[in-house]
Amino acid sequence: MSTVARRTESQNRMPAVSEPAEDRLIVALDVSTIDEAISIVGKLDNVSFYKIGLRLYMAGAMSGKLKQLVDLLRPHGRIFFDLKFPGDIDTTIATVVADYKSSPHVKFLTLNEFMPLSSIRAARLARGDSPTPKLLMVPYLSHLDGTKDLQELYAEQDFDTFLLTRAERAMTNGCDGLIASGDAIALFRRAYPESSGVVIVSPGIRPAGASTDDHKRFTTPAEAIQLGADYLVVGRPILQDANPRNAAARIIDEIDGALRAKPQ
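Residues numbered from 1 in each chain as written. Predicted model: local features only at pLDDT ≥ 70, side-chain atom pairs only at ≥ 80, totals over all residues. Heavy atoms only, no water.

A.B. asks: Could you clarify how one ought to interpret the nonpolar core in this entry?
C.D. replies: If you look at soluble globular proteins, the nonpolar side chains tend to sit buried side by side. Ranked by internal contacts, the top residues of the largest apolar core, which has 69 residues, are Leu25, Phe81 and Ile238. Per element, the largest residue contribution to this core is seven residues, and it comes from helix H12 (residues 244-261). Every residue in contact with Phe81, bar those within four places of it in the chain, is listed here: Ile52, Tyr57, Val70, Tyr100, Val106, Phe108, Leu109 and Thr110. With 12 residues, the next largest nonpolar core counts Phe49, Leu136, Ile179 and Val199 among its residues. (Core = buried A, V, L, I, M, F, W, Y, C linked by side-chain atoms within 4.5 Å. Buried < 20%, exposed > 50% of the residue type's maximum accessible area, 1.4 Å probe, protein only. Helix = DSSP H or I, 4+ residues; strand = E, 2+ residues; numbered from the N terminus. Contact = heavy atoms within 4.5 Å.)

A.B. asks: Any chance you could explain the packing of helix H5 (residues 90-100) against helix H6 (residues 117-127) here in plain terms?
C.D. replies: When two helices pack together, their arrangement is given by the angle between their axes and by how far apart the axes lie. The N-to-C vectors of H5 and H6 enclose an angle of 30 degrees; their axes lie 8 Å apart at closest approach. Viewed along their axes, H5 and H6 adopt a mutual orientation that is roughly parallel. The interaxial crossing formed by H5 with H6 has right-handed handedness. Counting all contacts with H5, which are made through Asp90, Ile93, Ala94, Val97 and Ala98, the residues of H6 involved are Ser118, Ser119, Ala122, Ala123, Ala126 and Arg127. For the contact of H5 with H6, a count of residues per class yields seven nonpolar, two polar and two charged. (Axes fitted to C-alpha atoms, helices over the stretch in contact; angles between N-to-C directions. Parallel < 35°, antiparallel > 145°, perpendicular 65-115°, else oblique. Left-handed = near helix turned anticlockwise from the far one by under 90°. Nonpolar A, V, L, I, M, F, W, Y, C, P; charged D, E, K, R; others polar.)

A.B. asks: Could you clarify how one ought to interpret the pattern of salt bridges in this entry?
C.D. replies: Note that side chains of opposite charge can pair when their charged atoms are close. Overall, the coordinates contain 15 salt bridges when judged by the stated rule. The partner of Glu19 in a salt bridge is Lys107, and the shortest N-O contact between them spans 3.4 Å. Separated by 88 residues along the polypeptide, Glu19 in the loop between helix H1 (3-11) and strand S1 (25-28) and Lys107 in strand S4 (residues 106-111) bring together distant segments of the chain. Assessed through its relative accessible area of 11%, Lys107 is described here as buried. Among the ionic pairs, Lys262 bridges to Glu194, the shortest N-O distance being 2.8 Å. With Lys262 in the segment after H12 and Glu194 in the loop between helix H9 (184-191) and strand S7 (199-202), this residue pair connects regions lying 68 residues apart in the sequence. (Salt bridge = Lys/Arg side-chain N within 4 Å of Asp/Glu carboxyl O.)

A.B. asks: Help me understand H12 in this model?
C.D. replies: Each full turn of the α-helix corresponds to 3.6 residues, which orients residues three or four apart in the same direction. The end-to-end C-alpha distance of H12 is 26 Å, a good match for the 26 Å that 18 residues give at a rise of 1.5 Å each. Inspection of H12 places Pro244, Ala247, Ala248, Ile251, Ile252, Ile255, Ala258 and Leu259 among the buried residues, and these make up the whole buried set. Relative to the axis of H12, the buried residues are bounded by an arc of 135 degrees and lie together on one face. More than 90 degrees from the buried face of H12, the exposed residues found are Asp253, Arg260 and Ala261. Taken together, the buried residues of H12 touch S1, helix H2 (34-43), helix H10 (221-227), strand S8 (231-234) and helix H11 (236-239). (Expected span 1.5 Å × (residues − 1). Arc of directions from axis to C-beta.)

A.B. asks: Explanation requested: the environment of Arg190 in the structure shown.
C.D. replies: By secondary structure assignment, the location of Arg190 is in helix H9. Overall, Arg190 belongs to the exposed group, its relative accessible area being 62%. For the pair formed by Arg190 and Leu227, sequence separation is 37 residues and the distance between their alpha carbons is 9.4 Å.

A.B. asks: Teacher, can you tell me more about the packing of aromatic side chains here?
C.D. replies: Both the distance between ring centres and the angle between the ring planes are used here to describe each pair of aromatic rings. In this structure the tally under the stated criterion is six aromatic pairs. Ring plane angle 80 degrees and centroid distance 5.7 Å describe the contact between Phe49 and Tyr231, whose orientation is recorded as edge-to-face. Of this pair, Phe49 sits in strand S2 (residues 49-53) while Tyr231 sits in strand S8, and the two are 182 residues apart along the sequence. With centroids separated by 5.1 Å and ring planes inclined at 40 degrees, the aromatic side chains of Phe81 and Tyr100 adopt a geometry described as tilted. (Phe/Tyr/Trp six-rings, centres within 6.5 Å; stacked < 30°, edge-to-face > 60°.)

A.B. asks: What should I look at first to understand unusual backbone geometry in this one?
C.D. replies: As a rule of thumb, non-glycine residues mostly have phi less than zero, and peptide bonds are mostly trans rather than cis. For the bond from Thr132 to Pro133, the omega torsion is 0 degrees, close enough to zero to count as cis. For Pro133, the position within the fold is in the loop between H6 and strand S5 (134-137).

A.B. asks: Could you clarify how one ought to interpret the sheet that holds strand S6 (residues 177-179) in this entry?
C.D. replies: Sheet strands pair by backbone hydrogen bonding; their relative direction is either parallel or antiparallel. Read around the closed barrel, the eight strands follow the order S1-S2-S3-S4-S5-S6-S7-S8; overall the barrel is parallel. Averaged over all adjacent pairs, the angle separating strand axes in this sheet is 25 degrees, with direction ignored. The pairing of S7 with S8 spans two bridges and is parallel. Along S8, the bridge assignment pairs Val201 with Tyr231. Running at roughly 150 degrees to S1, H12 makes contact with S1 and S8 of the sheet. (Pairing = 2+ DSSP bridges.)

A.B. asks: I keep staring at the packing of H2 against helix H4 (residues 66-73) and nothing clicks. Help me out?
C.D. replies: Their axes nearest at 10 Å, the elements H2 and H4 cross at an angle of 15 degrees. Judged by the inter-axis angle, H2 sits roughly parallel to H4. H2 and H4 meet at a crossing whose hand is left-handed. Here Ile34, Ala37, Ile38 and Val41 of H2 lie close against H4, whose contacting residues are Leu66, Gln68, Leu69, Leu72 and Leu73. A breakdown of the residues in the contact of H2 with H4 according to their chemical character gives eight nonpolar, one polar and no charged.

Such coordinate-based values are descriptive only and should not be taken to indicate function.
Here is the structure:
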């Protein structure tokens, strides 16, 4: 995709999200087996969006049960494959995207933050005119902080500049959205307002009083929506609750309240 074509596509984007609260919650199936994932889905009749990470994807591939899970999720709505596909060979990622572009229930794919620009462009080109899967980039992982980790890993001092540079690199080369947590949500939403059509998906969501686990930059569901997130990824606060359905319902209610409070 040429630079001119990418700019035109960006200018022609429409607001990407106008969905109710129940469709903005993405439950992370962060478990080790397909059977565990299927059990969880069976308890969540109020959830329509699920994230499958590399651990579960590989477990499903090795056990031969991945298709069983995908077929189960298909009528529920949407799937987010959070695999951070590597991009060392452009045709590799292009093939993956092409495989999923005829599967509208696969809504999101994450790309590797270190992949070359040519691989991002190849991924977008492989999708063609299909609206899905939308390609998301992770400019910075939520378990890293914006000071010590940033300096040790990247020798960078200014966190905001670092994030915006990475986001611009991804968006101008074909990505549709960004994974953002904490204050980065507002930073990216200011750079890419809702009218831009850029999707912001936020992990590191922790309801008030919940453990923050390994996330150093986290927000409550309401805070994330107020900062500008479109979708929220929640795993352990739901999976580890004695009643996962009720835990999901509480988060959906909090999302709904935050959406109602946002200026129109």
